[in-house]
Every structure is written in C-alpha cells, then in structure tokens.
Amino acid sequence: MNEQERIKYSQMKNLKRKEIDKEFVALRSKYKENDLILDILSQYGCLLNDCSATSKGDDGFVFYKGVDITEAINNSLMDRNTFTSYPFFKEILETYPNILAKKENFSLDLSPSAKYRDYKKIDIVWSKDKTSIDFILYDEYFNQNICSHTASFTRFKQEKDGVKASYGYIQIPYTQDKEVNDFINKSCECIHIGGEEPYDEQRANELREMAQGCDDIPTMRSILQTKYKGDINLLKLLQREAQNYKEVFGE
C-alpha cells in the first residue's frame, strides 16, 4: 500500500467510524429512559472523541447542541473518549447525585490508586449563577513548590442553544488575601524568567520588560512579613516564596 492509498484508507476508516458513532449516539438517545440498555451501551463507547458533540473548535472546546448542562455532562461521560474520560468522574457523580441534581459543589481527596492515576484531589465547582461547572483536577505535582499552583480543569457552560465544554489549566489562589496572592504570583513570574536564557535579541527585550519590578521583590516581601506578622499561614507562604526566589536569584 503506497502513501496515497494509506491516506485514502485512513479517510475511509474515519468516515466509517463517524457513521458508527452517529448510530451509537442515536441508540443512546432512543433508549435514554431505559436504564438496562443504557448500562449495556455504557460498556462500549465511541470510536472517535466526543461523539455526542455537534461541533468542535480549534481552540480546545466542543459543543453539545440543544441540551442542558446536566445532559451534556452525562453524554460526555458516556462518550468515554472525551474530556470526562477519567473513570472516577462517573463514579463520583453517581455516588453524589446532588452535584448535578441540586448543583452542589463538591471536593474529594483522592486516595492513591491506579484508578486515579496521578491525581490527588478533585474539586467540582458551580458558578454563582449555576450556568457553568468546573471539574478541577490536582495532580501529584500540585504545590510541590510555591510556583506549581495550577490545576487542570474541564468546564461545561450553559449557553442559549446548548452547552460548551472546554479544558485547560487554572491558577489556584494561594490565599484569599489578594495582596499576598498577587505578590506571590509576581514573584513566581520573576522566578520563571530569572531561569530563562534569551535565545535572541527580541526574547532578551521581552524578558527585560517582564522583569520590571523583580528587584523589588525582597523589599515587598519584607513589608508583607511585617504587615502580616500575626498570621502564621501567610508567613509560611511568604517563607516558601522566599526559598524559591533565593534558589534562582541568591541572597
């Protein structure tokens, strides 16, 4: 089989997969009130990703047309090869139905298990107006140092004609104190660029611009340590930040 034949074969195979997935989704819709049949169908799944989605974007989202947010999430769980492909998502939502039924927030520390892979915590958070929900996963590297404070998320958002699902990484606040949180974020930005070697003149100029204010970090830290000397938790955060800063910039 030459290259042209391989390409043609691959295109035909993907077309056939789409046809099968379409039929599979139609069966799920037809028998959505029959728990027995749905249970059987749930043991299989799509051949391609996000087969319930009616459209997919290039910037990391899929769209479920004509459904509400609960139905979109359940469809996504049935797809298997999708945003919510982690097996524990379905288990959690079945065990705690109020997450979807009453739109309650949820948090769970994940015990070490092959089922959870490298994740150690999950937060499921509804927006205040209950129009979107975030599934936030904290991996084993989360918070290993003061600057590793991001978690991966999957978000379902209700729109007028359906539900948009997207994914990415989210910065987790260190503290509810905005002043300290902003300071640590600035310090981490300085730590990041402080360890980067410019590969050309343009990047060198960008790094110089980004580094503005980095020399002030020790003074700013000292001011905050004095201001919050009675808050042990904030002082511990500032101590961790200082250790990371020292590793890159020295004394």
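The paragraphs below set out a description of the structure included in this document. In this text, all values refer to a predicted model and were calculated from it rather than measured experimentally.

Calculation rules
- Residues numbered from 1 in each chain as written.
- Predicted model: local features only at pLDDT ≥ 70, side-chain atom pairs only at ≥ 80, totals over all residues.
- Heavy atoms only, no water.
- Helix = DSSP H or I, 4+ residues; strand = E, 2+ residues; numbered from the N terminus.
- Polar contact = N/O pair within 3.5 Å; in protein donor to acceptor, adjacent residues only side chain to side chain.
- Contact = heavy atoms within 4.5 Å.
- Expected span 1.5 Å × (residues − 1).
- Axes fitted to C-alpha atoms, helices over the stretch in contact; angles between N-to-C directions.
- Parallel < 35°, antiparallel > 145°, perpendicular 65-115°, else oblique.
- Left-handed = near helix turned anticlockwise from the far one by under 90°.
- Pairing = 2+ DSSP bridges.
- Salt bridge = Lys/Arg side-chain N within 4 Å of Asp/Glu carboxyl O.
- Buried < 20%, exposed > 50% of the residue type's maximum accessible area, 1.4 Å probe, protein only.
- Phe/Tyr/Trp six-rings, centres within 6.5 Å; stacked < 30°, edge-to-face > 60°.
- Lys NZ or Arg CZ within 6 Å of the ring centre and 35° of its normal.

1. A word on the side chain of Asp 134
Counting through the fold element by element, Asp 134 comes out in strand β5 (residues 132-139). Here Arg 155 takes part through its side chain, which lies 2.6 Å from a polar atom of the side chain of Asp 134. Every residue in contact with Asp 134, bar those within four places of it in the chain, is listed here: Asp 123, Ile 124, Val 125, Thr 154 and Arg 155.

2. So, helix α1 (residues 3-30)
Between its terminal C-alpha atoms α1 stretches 41 Å, which fits the 40 Å expected from 28 residues at 1.5 Å a residue. In this structure, the buried residues of α1 make contact with α2 (35-42) and α3 (69-79). Among the residues of α1, the N-terminal cap falls to Asn 2, whose side-chain oxygen and the backbone nitrogen of Gln 4 are separated by 3.2 Å.

3. Topic: the packing of α3 against helix α4 (residues 87-95)
Taken N-terminus to C-terminus, the directions of α3 and α4 make an angle of 140 degrees; their axes are 9 Å apart at the nearest point. Our classification of the angle between α3 and α4 gives oblique. In this structure, the crossing between α3 and α4 has a hand that is left-handed. Contact with α3, carried on its side by Ile 73, Leu 77 and Met 78, involves Phe 89, Lys 90 and Leu 93 of α4 and no other residues of that element.

4. A short note on the sheet that holds strand β3 (residues 106-109)
The sheet built from 7 strands is open, its strands ordered β1-β2-β7-β6-β5-β4-β3 with antiparallel pairing. Edge positions in the sheet fall to β1 (55-56) and β3, since each of these pairs with one other strand and no more. Bridge analysis of strand β4 (residues 119-126) against β5 gives 7 bridges, and the strand direction is antiparallel. Within β5, the residue paired with Ile 124 across the bridge is Phe 135. Across the sheet, α3 is in contact with β2 (61-65), β4, β5, β6 (150-159) and β7 (162-171); its angle to β6 comes to roughly 125 degrees. α4 rests against β3, β4 and β5 of the sheet, and its axis sits at about 50 degrees to β4.

5. Describing the pattern of salt bridges
Under the defined criterion, the tally for this structure stands at 9 salt bridges. The salt bridge partner of Arg 155 is Asp 134, with a shortest N-O separation of 2.6 Å. Taken as a pair, Arg 155 in strand β6 and Asp 134 in strand β5 lie far apart in primary sequence, 21 residues in all. When its relative accessible area of 11% is taken as the criterion, Asp 134 is described as buried. With a shortest N-O distance of 3.7 Å, Glu 189 and Lys 186 are connected by a salt bridge. Of this pair, Glu 189 and Lys 186 both sit in helix α6 (residues 178-194), 3 residues apart, which is roughly one turn of that helix. Classification of Glu 189 as partly exposed rests on a relative accessible area of 35%. A relative accessible area of 23% places Lys 186 in the partly exposed class.

6. Topic: the environment of Thr 131
Its place among the elements puts Thr 131 in the loop between β4 and β5. Judged by relative accessible area, Thr 131 falls into the partly exposed class, the value being 24%. Those residues within four positions of Thr 131 in sequence are excluded, and the remaining contacts are Ile 69, Phe 156, Lys 157 and Gln 158.

7. Considering the packing of aromatic side chains
Evaluation of the coordinates by the stated rule reveals 9 aromatic pairs. Ring centres of Tyr 96 and Phe 106 lie 4.6 Å apart, and the angle between their planes is 45 degrees; on these two criteria the pair is classed as tilted. Note that Tyr 96 is positioned in the loop between α4 and α5 (98-101) and Phe 106 in strand β3, a separation of 10 residues in sequence. What makes Phe 106 buried here is its relative accessible area of 13%. Site record: aromatic cluster; members linked through ring pairs are Tyr 64, Tyr 86, Phe 88, Phe 89, Tyr 119, Phe 135 and Phe 156. Lying over the aromatic face of Tyr 138, Lys 121 brings its terminal NZ or CZ to 5.1 Å of the ring centre. Above the ring of Tyr 245, the side-chain terminus of Arg 221 is found at 5.2 Å from the ring centroid.

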